[in-house]
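Descriptive structure summary
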Amino acid sequence: MATDIDGTILPHGGTISARTRKALAACTDAGTHVVLATGRPPRWVTPILEATGHRGTVIAANGAVVIDSARRMLTRHRLTAATVHEVVDALRRRVRDVLFAIETPHEFRAEAGYRAVRGGVHVESLAPRTVAAMPEAPRIEQLLDDEPIIKVVALSATLSPDELLAVGREAVGDLAVPTHSSTGLALLELGPRDVSKASTLAALASSLGVHHTEVIAFGDMPNDVEMLAWAGAGYAMQGGHPEAIAAAAHLAPAAAEDGVAQVLEREVLKPLGPSDDSRLPAVPFVR
């Protein structure tokens, strides 16, 4: 069972409910591999681990990183500095007010002006209690070194999230994987080529001997699309992005209504029964 976090088990501006926490724990106790799959970088995962009590694997940065519940890095994919240069150059030619930041496994770095534009916009709940100082430079290229780059973020104050995503797909879709999980300001997330939540989840499932038809997945935004389409039973959240809803076989109630918990209680936990600790049964893929 794989689930996105923000907007899926964590309502925007809310917190993880007791019902959701109980359902996730019950799945784990019944022998189901529970995976959190998020666009958040590893440094933003700790509050989620504390709120959920999660004991399993976390796919972070849209698939670029896999960590365990102790935040130990298990796998990592990276963007090369040369690719970052190409991506930045291509987007600067097309978006006049674009600003850039990069994520490494441990740090966020941004070019001058990024913080001023980003700072006044709503940030998701359950953020880290303390945030380290953010290295800045006039140009993002000046912040590249030998540290692995797991994500590039492009920001525009004049475009919508979907408009910037369309530009990203057209301009740099052959260099990196453009997506977004933003509900407000246009934040384009760019990851390593051929890497997504779905590709990383598929590799993890294969290592566990789990077929995709035995996977139930939940999400609400464009960065969940591939995962929702790949899983045997993909559930988009009510009120989610149209691309996520189109990619999923099923619709779950909204995050504010504990939609993930509702589906797990009905489709996973109830079929197992109170004393059955067998693995998650296959859930039919229906369109």
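Residues numbered from 1 in each chain as written. Predicted model: local features only at pLDDT ≥ 70, side-chain atom pairs only at ≥ 80, totals over all residues. Heavy atoms only, no water.

**Some details on the pattern of salt bridges**
Evaluation of the coordinates by the stated rule reveals 16 salt bridges. The partner of Asp-224 in a salt bridge is Lys-197, with the nearest N and O atoms 2.5 Å apart. In this pair, Asp-224 sits in the loop between strand E12 (216-219) and helix H7 (225-230) while Lys-197 sits in helix H6 (residues 197-207), placing the two residues 27 residues apart along the sequence. Comparing Asp-224 with Lys-197 shows no difference in burial state: the two are buried. Here Arg-266 and Glu-267 are joined by a salt bridge, their closest N and O atoms 2.8 Å apart. (Salt bridge = Lys/Arg side-chain N within 4 Å of Asp/Glu carboxyl O. Helix = DSSP H or I, 4+ residues; strand = E, 2+ residues; numbered from the N terminus. Buried < 20%, exposed > 50% of the residue type's maximum accessible area, 1.4 Å probe, protein only.)

**Topic: helix H5 (residues 161-172)**
Since the α-helix advances by 3.6 residues per turn, residues separated by three or four positions end up pointing in the same direction. In this model H5 runs 16 Å from its N-terminal to its C-terminal C-alpha over twelve residues, within 8% of the 16 Å that 1.5 Å per residue would give. Those residues of H5 that fall on the buried side of the exposure criterion are Pro-161, Leu-164, Leu-165, Gly-168, Ala-171 and Val-172. Seen along its axis, H5 keeps its buried residues to an arc of 140°; they face one direction. Turning to H5, the residues buried within the fold contact helix H3 (81-94), strand E9 (151-156), strand E10 (177-179) and strand E11 (186-191). (Expected span 1.5 Å × (residues − 1). Arc of directions from axis to C-beta. Contact = heavy atoms within 4.5 Å.)

**Remarks on helix H9 (residues 259-272)**
Along its 14 residues, H9 runs 19 Å from first to last C-alpha, staying within 8% of the 20 Å computed at 1.5 Å per residue. The principal kink in H9, of about 40°, is found at Glu-265. Those residues of H9 lying buried are Gly-259, Val-260, Ala-261, Val-263, Leu-264, Val-268, Leu-269 and Leu-272. On its buried face, H9 is in contact with strand E1 (2-3), helix H1 (18-29), E12, strand E13 (233-237) and strand E14 (250-252). (Bend = angle between axes of the 7 residues up to and from the residue.)

Just geometry here; none of it tells us what the structure is for.
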